[in-house]
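So you can see what is in the structure, the chains are spelled out below.
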Amino acid sequence: MEKEQYQQLEQNITPTPPYLKNAGKAFLVGGLICTIGQAVSLFYIVFFNFTEATAGNPTVATMVFFAMILTGLGLYKRIGQFAGAGSAVPVTGFGNAVISSAIEHKSEGLVLGVGGNLFKLAGSVVLFGVVSAFFVALIKYILVTLGVVSW
């Protein structure tokens, strides 16, 4: 009986999160990040003669770099507190996560602290990407070889 009373009391006291407001902030900040990414992509297309297809890689690298700079300055944390998933879902969230783990362990030294923790998240993401790409390519090769799919 006590457990049920406690849960009822907790439910009465806990404020309801502003879901719509949080979703709106995430949408706006995520959209702003993507708009900046589109501007960076257009910059590469106009000034460096990239095509739309080839501008993607330098655009992603630039956006991750921007996020890392903002994280180092302590600004990305504020953006994340305001926007929530709106700042975590785009590729800039990846840059923030990589640098955050390195900054967190800088007191342990450059090699063991920063270097050892810099790739804590990035290593697993890159490994998953490479392994996934390998298996998708293998499945595609098998399907093309069997004539199920044409290339």
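Refer to the structure printed above.
Attention in this report is confined to the structure presented alongside it.

Cut-offs used in this document
- Residues numbered from 1 in each chain as written.
- Predicted model: local features only at pLDDT ≥ 70, side-chain atom pairs only at ≥ 80, totals over all residues.
- Heavy atoms only, no water.
- Axes fitted to C-alpha atoms, helices over the stretch in contact; angles between N-to-C directions.
- Helix = DSSP H or I, 4+ residues; strand = E, 2+ residues; numbered from the N terminus.
- Parallel < 35°, antiparallel > 145°, perpendicular 65-115°, else oblique.
- Left-handed = near helix turned anticlockwise from the far one by under 90°.
- Contact = heavy atoms within 4.5 Å.
- Nonpolar A, V, L, I, M, F, W, Y, C, P; charged D, E, K, R; others polar.
- Core = buried A, V, L, I, M, F, W, Y, C linked by side-chain atoms within 4.5 Å.
- Buried < 20%, exposed > 50% of the residue type's maximum accessible area, 1.4 Å probe, protein only.
- Expected span 1.5 Å × (residues − 1).

Considering the packing of helix H3 (residues 56-72) against helix H6 (residues 91-104)
One way to put it is that H3 packs onto H6 with a least axis distance of 8 Å and a crossing angle of 45 degrees. For the element pair H3 / H6, the angle class is oblique. The hand of the H3/H6 crossing is right-handed. Contacts between H3 and H6 involve Val60, Met63, Val64, Ala67, Met68, Thr71 and Gly72 from the former and Val91, Thr92, Gly95, Asn96, Val98, Ile99, Ser100 and Ile103 from the latter. Looking at the contact of H3 with H6, its residues break down into nine nonpolar, six polar and no charged.

As for the nonpolar core
One finds Val29, Ile33, Val40, Tyr44, Ala55, Met63, Ala67, Tyr76 and Ala83 forming the largest nonpolar core, which totals nine residues. The set of elements that each furnish at least two residues to this core consists of helix H2 (19-48), H3 and helix H4 (75-83). With four residues, H2 is the largest single contributor of residues to this core. When residues no more than four places from it in sequence are discounted, the contact partners of Met63 are Ile33, Ile36, Gly37, Val40, Val91 and Thr92.

A word on the side chain of Thr62
With respect to the helices and strands, Thr62 occurs in helix H3. The buried category is assigned to Thr62, whose relative accessible area is 14%. Discounting residues that sit within four places of it in the chain, Thr62 has contacts with Val40 and Tyr44.

With respect to H2
Given a rise of 1.5 Å per residue, 30 residues ought to cover 44 Å, and the 42 Å separating the end C-alpha atoms of H2 matches this to within 8%. Here H2 has its buried residues at Lys25, Ala26, Val29, Gly30, Ile33, Gly37, Val40, Ser41 and Tyr44. Tucked inside the fold, the buried residues of H2 contact H3, H4, helix H5 (85-88) and H6.

Considerations on the packing of H6 against helix H8 (residues 120-145)
As a packed pair, H6 and H8 sit with axes 7 Å apart at the nearest point and diverge in direction by 135 degrees. Overall, the two elements H6 and H8 adopt an arrangement that is oblique. Facing Phe94, Ala97, Val98 and Ser101 of H6, the residues of H8 in contact are Lys120, Leu121, Ala122 and Val125. Considered class by class, the residues forming the contact of H6 with H8 number six nonpolar, one polar and one charged.

Concerning the environment of Thr51
As for its placement among the helices and strands, Thr51 is situated in the loop between H2 and H3. For Thr51, a relative accessible area of 43% gives the class partly exposed. In this structure the C-alpha to C-alpha distance between Thr51 and Ser41, which are ten residues apart in sequence, comes to 9.5 Å.

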